[in-house]
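Listed here are the chains, written in short residue letters.
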Amino acid sequence: MERPKWIPKWLSISLIIVVAFIAWMLMGSENNYMHSKKLMDEINDLKAEIKAKQDSALYYEKKVQELHTDPETLERIAREQYGMRRANEEIYVTEK
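Residues numbered from 1 in each chain as written. Predicted model: local features only at pLDDT ≥ 70, side-chain atom pairs only at ≥ 80, totals over all residues. Heavy atoms only, no water.

Peer 1: Looking at this structure, I do not really get the overall build of the chain. What am I missing?
Peer 2: Each helix and strand in the chain was counted, giving three helices and zero strands. When the helices and strands of the chain are read in sequence order from the N terminus, they spell out α-α-α. Dimensions of the chain, computed from C-alpha atoms along their principal axes, come out at roughly 110 × 30 × 20 Å. When the accessible area of the chain is evaluated, it comes to approximately 9,600 Å², of which 61% is carbon and sulfur surface. In the chain, 15 side chains carry a positive charge and 16 a negative one; their mean positions are 11 Å apart. (Helix = DSSP H or I, 4+ residues; strand = E, 2+ residues; numbered from the N terminus. Areas by Shrake-Rupley, 256 points an atom, 1.4 Å probe, with all protein chains shown as cover. Lys, Arg positive; Asp, Glu negative; His and termini not counted. Charge placed at Lys NZ, Arg CZ, Asp CG, Glu CD.)

Peer 1: What exactly am I supposed to notice about the packing of aromatic side chains here?
Peer 2: The description of an aromatic ring pair rests on the distance of the ring centres and on the angle between the ring planes. Tallying each qualifying case throughout the model produces one aromatic pair. A ring pair is formed by Y59 and Y60, whose centres lie 5.1 Å apart and whose planes are at 75 degrees; its orientation type is edge-to-face. When its relative accessible area of 51% is taken as the criterion, Y60 is described as exposed. (Phe/Tyr/Trp six-rings, centres within 6.5 Å; stacked < 30°, edge-to-face > 60°. Buried < 20%, exposed > 50% of the residue type's maximum accessible area, 1.4 Å probe, protein only.)

Peer 1: Would you take a moment to explain the pattern of salt bridges for this structure?
Peer 2: Should the charged atoms of two oppositely charged side chains come close, the side chains can pair. Per the stated rule, a full pass over the model turns up six salt bridges. D55 is the partner of K51 in a salt bridge, and the nearest nitrogen-oxygen pair spans 3.3 Å. Of this pair, K51 and D55 both sit in helix α2 (residues 33–69), four residues apart, roughly one helical turn. On the basis of relative accessibility, which here comes to 48%, the residue K51 falls in the partly exposed class. Using a relative accessible area of 38% as the deciding quantity, one classes D55 as partly exposed. As a salt-bridge pair, E75 and R79 come within 3.0 Å of each other at their nearest N and O atoms. Separated by four residues within a single helix, E75 and R79 lie in helix α3 (residues 71–82), roughly one turn from each other. (Salt bridge = Lys/Arg side-chain N within 4 Å of Asp/Glu carboxyl O.)

Here you go:
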């Protein structure tokens, strides 16, 4: 069978199949490049969020440990945030 004149000599069935397969992988399949890129971006965002949450958890664990071991810090927090006072002292609260 002879090739029609409008088909170039460098074009073959195997080249068409390879190009079609690449196009299908890039755009048409379930695991295409755009979908994979979107999922990788989401994974990276979630990893950054996990890192931020771990840093926050470490900060608060340090604060809790500080409250359990340092009575001065516990007293300061009780006075500042909860308005607690000793039995024989007066507190004057001013608003900024």
